[in-house]
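So the chains spell out like this:
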Amino acid sequence: MSIIDTPKKLPSVDRLLKDVNIASLLYDNGELLVTQCARNVLESARCQVLAGKFFESNDLIDNLIEDVHRAVRPSLRPVINLTGTLLHTNLGRAALPTSAIHAMIEIAQGASNLEFDVIAGKRGDRHKHPETLLCQLTGAERALVVNNNAAAVLLTLNSLALRKEVPVSRGELIEIGGAFRMPDIMARAGCKLIEVGTTNRTHGKDFETAIGSKTALLMKVHTSNFEIQGFTKSVDETELAKIAHKHDLPFITDLGSGTLVNLEDYGLPHEPTVRETLFAGADLVTFSGDKLLGGPQAGIIVGSRDLIEKIKRNPMTRALRPDKITLAALHAVLKLYTNPSTLAEELPTLRWLTRNVLDIEELATRLIPTIRKYCKNFQVEIEHTHSQVGSGAMPIDKLESIALRISKPKLRRPGKELKMLAKAFRQLPIPVIGRISNDALLFDLRCLEDEVGFNNNLRQLTLP
Ligand SMILES: *Cc1c(COP(=O)(O)O)cnc(C)c1O
């Protein structure tokens, strides 16, 4: 092994690539990529040598292997969500059930009848695949699935209200986070928003006065991520539907996180179901596939035959259509809903929502010694906390849960040390994501099921 302390002693790219330790790297990753990485490694070594650092030749090999691995590792990869937010938009929202994963693999592997009618032997319609189950589960006449719920709202408004007016209550002109703001979506859909009522109070008569010859439809938006309390009044679905229908207008509801089952049956707070919203008089309901439904990213529109047919004729439907893998997963998830008695077991979202606190506490008790072992200078204890659903469902109600609380009694700069601790957990092979609160790093264990995998992963923890 030789010491490299001047640029002259650096090997050439060719010589570095001929090293026996590089053979399998070349075989696995191809000459093009490895050569490019070798150039980068040598160039950066050259700069460092000029700055007075020195290397052993083995360091260059290690750097090259690491560089190649970094280049080929997928940017999108699994993490462990211990934030306490079940449907975390930044962490990919719903985890899919096993049956959906199998269905996706089966359809991804080869050809399918995505748009082919096997019986008739001619062109078929991809939108037919999820329709039967969606109609059965919601009581709707027709259903249409698109890329996500933002697309569902955009497409619905563009199809039914282009160059026309849509009155919406001022209390429902919401921002969902990121780039979804109801007024912006309406503008892009080509319709004119007519603000009705006030922030805290909107009455039926406010809608009556807003309706004119240019009105296309009435719309209600489920205020997903906040709740106005105090002196408030909103117009409920039944009343709005009546007003709309009296004027011969369709009434549509954006439920956001609509659910297909009564969550009270599972001991959870009530969330409006799609079926009861249709029953209250909505002609169309839009909701997400990957929120409370617990499925793949999708936007689902259900409701009247005429309106869905009209939406399907909009050329934008083609631009927003779902892919075959989404449709395969969605069908498998919907199928679970046909058997409500096993749903809480099979569907991860509902399994985690209904997970017993004692069960989470037992897990916490088992994990404490391990975490203590890896975080020697920290205090690790159990904390009673609350999880939240996230993605706008159940804005106020919180779920009792258990977290591991990692802290240090006398931190000089608590913010900085905790940030470094949190970063160390994020640098694990499977990054572990918690939340910092009250001078501690909290790991809410509600969504942790793979205890063995979690412990194996922890072995790689290196604290600063
Ligand atoms: C989440 C949400 C949306 C957007 O749904 P995506 O599936 O994220 O596109 C639209 N409207 C409401 C009320 C929501 O809660």
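In this text, all values refer to a predicted model and were calculated from it rather than measured experimentally. (Residues numbered from 1 in each chain as written. Predicted model: local features only at pLDDT ≥ 70, side-chain atom pairs only at ≥ 80, totals over all residues. Heavy atoms only, no water.)

Section: the overall build of the protein
Working step 1: Along the backbone of the protein there are 19 helices and 19 strands.
Working step 2: Once the C-alpha set of the protein is aligned to its principal axes, its extents read approximately 90 × 60 × 45 Å.
Working step 3: A total of 464 residues make up the protein; the buried ones form 47% of that total.
Working step 4: Looking at the protein alone, contacts between residues at least 24 apart form 73% of all its contacts between residues at least 6 apart. (Helix = DSSP H or I, 4+ residues; strand = E, 2+ residues; numbered from the N terminus. Buried < 20%, exposed > 50% of the residue type's maximum accessible area, 1.4 Å probe, protein only. Contact = heavy atoms within 4.5 Å.)

Side note on the nonpolar core
Working step 1: Judged by nonpolar contacts, the single largest core of 57 residues is most densely connected at Val 302 and Tyr 337.
Working step 2: Examining the composition of this core, we find that 8 residues originate from one element, helix H14 (residues 324–337), more than from any other.
Working step 3: A domain split of this core shows at least three residues from each of domain 2 (80–89 + 351–458) and domain 3 (98–344).
Working step 4: Residues in contact with Val 302, not counting those within four places in the same chain, are Thr 138, Ala 140, Arg 142, Ala 143, Val 274, Leu 278, Asp 283, Leu 284, Val 285, Phe 287 and Ile 308.
Working step 5: Judged by nonpolar contacts, the second largest core, of 30 residues, contains Ala 161, Val 221, Ile 301 and Leu 320. (Core = buried A, V, L, I, M, F, W, Y, C linked by side-chain atoms within 4.5 Å. Domains from an automatic or database assignment.)

Some words on the domain arrangement of the protein
Working step 1: Under the domain assignment used here, the protein contains domain 1 (3–72), domain 2 (80–89 + 351–458) and domain 3 (98–344).
Working step 2: Here domain 2 and domain 3 have C-alpha centroids that lie 34 Å from each other.

Let's talk about the packing of helix H17 (residues 357–374) against helix H19 (residues 451–458)
Working step 1: Following both chains from N to C, one finds H17 and H19 inclined at 10°, their axes separated by 11 Å at the closest point. When the axis of H17 is compared with that of H19, the two are roughly parallel. From H17, Leu 363, Arg 366, Leu 367, Thr 370, Ile 371 and Tyr 374 reach across to H19, where they touch Glu 451, Phe 454, Asn 455 and Leu 458.
Working step 2: Across the contact of H17 with H19, the residue classes break down as 6 nonpolar, 2 polar and 2 charged. (Axes fitted to C-alpha atoms, helices over the stretch in contact; angles between N-to-C directions. Parallel < 35°, antiparallel > 145°, perpendicular 65-115°, else oblique. Nonpolar A, V, L, I, M, F, W, Y, C, P; charged D, E, K, R; others polar.)

Thoughts on the pattern of salt bridges
Working step 1: Following the criterion strictly, the structure yields 20 salt bridges and no others.
Working step 2: Two residues, Glu 115 and Arg 126, come together in a salt bridge whose shortest N-O distance is 2.8 Å. Here Arg 126 lies in the loop between strand E5 (122–123) and helix H6 (131–138) and Glu 115 lies in the loop between helix H5 (98–108) and strand E4 (116–117), a separation of 11 residues in the sequence.
Working step 3: A relative accessible area of 24% means that Glu 115 is categorised as partly exposed.
Working step 4: With a shortest N-O distance of 2.7 Å, Lys 246 and Glu 208 are connected by a salt bridge. In this pair, Lys 246 sits in helix H10 (residues 237–246) while Glu 208 sits in helix H9 (residues 204–210), placing the two residues 38 residues apart along the sequence.
Working step 5: Residue class for Glu 208 comes out partly exposed when judged on its relative accessible area of 27%. (Salt bridge = Lys/Arg side-chain N within 4 Å of Asp/Glu carboxyl O.)

Considering the side chain of Glu 131
Working step 1: Secondary-structure assignment places Glu 131 in helix H6.
Working step 2: Of note is the side chain of Glu 131, whose polar atom sits 2.9 Å from the backbone nitrogen of Ala 143.
Working step 3: Apart from residues lying up to four places away in sequence, Glu 131 is in contact with Arg 142 and Ala 143. (Polar contact = N/O pair within 3.5 Å; in protein donor to acceptor, adjacent residues only side chain to side chain.)

Focus: the sheet that holds strand E6 (residues 142–146)
Working step 1: Read across the open sheet, the 5 strands follow the order E6-E14-E13-E12-E11; overall the sheet is mixed. Each end of this open sheet is capped by a strand with a single partner; those strands are E6 and strand E11 (218–221). Pairs of neighbouring strands in the sheet enclose a mean axial angle of 15°, with direction left out of account.
Working step 2: Sheet analysis places strand E13 (residues 284–288) next to strand E14 (residues 299–303), joined by 5 bridges and oriented antiparallel. Its bridge partner being in E14, Val 285 is matched across the sheet by Val 302.
Working step 3: H6 rests against E6 and E14 of the sheet, and its axis sits at about 120° to E6.
Working step 4: Set on the sheet, helix H12 (residues 305–312) makes contact with E6, E13 and E14; between it and E6 the angle comes to about 30°. (Pairing = 2+ DSSP bridges.)

Considering the sheet that holds strand E18 (residues 435–437)
Working step 1: One open sheet holds the 4 strands; their spatial order is E15-E16-E19-E18, and the pairing between them is antiparallel. Looking along the sheet, the strands with just one partner apiece sit at the ends: strand E15 (379–387) and E18. This sheet shows a mean twist of 40° between the axes of neighbouring strands, independent of strand direction.
Working step 2: In this sheet, strand E19 (residues 440–444) lies alongside E18 in antiparallel orientation, the contact comprising 3 bridges. Across the sheet, residue Ser 437 finds its bridge partner in E19, namely Ala 440.
Working step 3: In the packing of H17 onto the sheet, the strands contacted are E15 and strand E16 (399–407), and the crossing angle to E16 comes to about 10°.
Working step 4: In the packing of helix H18 (residues 414–426) onto the sheet, contacts are made with E16, E18 and E19, and the angle to E19 comes to roughly 35°.

A few points about H19
Working step 1: For H19, every residue scored as buried is listed here: Phe 454, Asn 457 and Leu 458. Angular distribution of buried residues about the axis of H19 spans 100°; they occupy a single face of the element.
Working step 2: Of the surrounding elements, those touching the buried residues of H19 are strand E3 (80–81), H17, H18 and strand E17 (432–433). (Arc of directions from axis to C-beta.)

Overview of unusual backbone geometry
Working step 1: Phi angles above zero are rare outside glycine, and Arg 93 is one such case at about 55°.
Working step 2: Examined against the element boundaries, Arg 93 turns out to sit in the loop between E3 and H5.
Working step 3: Unlike most non-glycine residues, Asp 439 shows phi in positive territory, near 55°.
Working step 4: For Asp 439, the location among the structural elements is in the loop between E18 and E19.

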